[in-house]
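Next come the chains, spelled out residue by residue.
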Amino acid sequence: PAKPAPATPAEPVKPAAEPAKAPAPAPTAPSELKLEGLKLTVPAGWVREEVEKSPMGPVAVFKIPKGDGSDDGAVRITHYPNMKGKEMDDRNIDRWVSQVAKADGSPSTRADAKITTAEAGGVKITMVDLSGSVKVAMRDSAKGGHRMIAAILDHPKGPHFVVTAGPTASMEKWAAQIDAFLKSVKTE
């Protein structure tokens, strides 16, 4: 008579392999960003994200790596050549100020903002710097403990609007680079 085959220990069931994840984009070295009528130098460490072209959408978006345990920041650049002039500049400044609430929840005013102007490479730069609960886009919810540094880059084929925002720690870490980015602007 045939002997039964010896029992083999059951193989443990292996979990299905997880699908491979795409690697996160690596921070970049300093690079040149060409926009309609402008060139800027992008700081090392900023990561460019893909954007779909649309009439009202951004022409460039970057992620600013986080500072000390906080979330990443973001840079969003738009181009609206018909939004020229002091009246339009004032409307944009007021809109940015309205997107930031003070720590107590009350609305920010122009007096709460640091508003400066400079000129670089043939471009007038108007900067607005505010901290509080920031609503980057009107459809977004406000995020407390954030900072917005926004700028109007006014030039013959502009203006371009640059909005940087993120947690205060990230923005503090990158504030000098944001300033250098804005002041690296040159007309083409």
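Every chain is numbered independently, its residues counted from 1 as its sequence is written. Reporting in this predicted model follows two pLDDT cut-offs: at least 70 for local features of residues, and 80 or more for side-chain atom pairs to be given and counted; totals over whole chains, interfaces and linings ignore these cut-offs and use all residues. Neither water nor hydrogens contribute to the side-chain values; these are computed over all heavy atoms in the structure.

A. Looking closely at helix 1 (residues 86–98). Its 13 residues place the ends of helix 1 18 Å apart at the C-alpha level, agreeing with the 18 Å of an ideal helix rising 1.5 Å per residue. Throughout, exposure labels follow a simple rule: accessible area from a 1.4 Å probe, protein chains only, divided by the maximum for the residue type, with under 20% read as buried, over 50% as exposed, and the rest as partly exposed. A helix here means a DSSP run of H or I that spans at least four residues, while a strand means a run of E at least two residues long, and both kinds are numbered starting from the N terminus. Here helix 1 has its buried residues at M88, D89, N92, I93, W96 and V97. Here, two residues are considered to be in contact whenever any of their heavy atoms come within 4.5 Å of each other. Contact partners of the buried residues in helix 1: strand 6 (100–101), strand 7 (114–120), strand 8 (123–134), strand 9 (143–154) and strand 10 (160–167). Here the expected span of a helix is defined as 1.5 Å times the quantity of residues minus one.

B. Summary view of the nonpolar core. As used here, the term nonpolar core means buried Ala, Val, Leu, Ile, Met, Phe, Trp, Tyr and Cys residues forming a set that is joined through side-chain atoms within 4.5 Å. Grouped together as the largest cluster of nonpolar side chains are 26 residues, with contacts concentrated most on L33, W46, I77, L153 and F181. At six residues, helix 2 (residues 168–183) tops the list of elements feeding residues into this core. Not counting residues within four places of it along the chain, the set of residues in contact with L153 comprises L38, L40, V123, K124, I125, P159, H160, V162, L182 and V185. Core analysis: the next-biggest nonpolar cluster, separate from the first, contains 15 residues, Y80, W96, A113 and V128 among them.

C. Representation of the pattern of salt bridges in the model. By definition, a salt bridge exists where a carboxyl oxygen of Asp or Glu is found within 4 Å of a side-chain nitrogen of Lys or Arg. Counted under the stated rule, the structure contains ten salt bridges. Note that R110 is salt-bridged to D94, the shortest N-O span being 2.7 Å. With R110 in the loop between strand 6 and strand 7 and D94 in helix 1, this pair connects stretches of sequence that are 16 residues apart. The exposure class of R110 is partly exposed, given its relative accessible area of 34%. Accessibility expressed as a relative area gives 40% for D94, which makes it partly exposed. A salt bridge links K183 to D179; the nearest nitrogen and oxygen atoms lie 3.3 Å apart. Here the residue K183 and the residue D179 both occupy positions in helix 2, the gap between them amounting to four residues, near one helical turn. Of the residues examined, D179 reaches a relative accessible area of 29% and is grouped as partly exposed. Through salt bridges that share partners, K86, D90, D94 and R110 make up one connected network.

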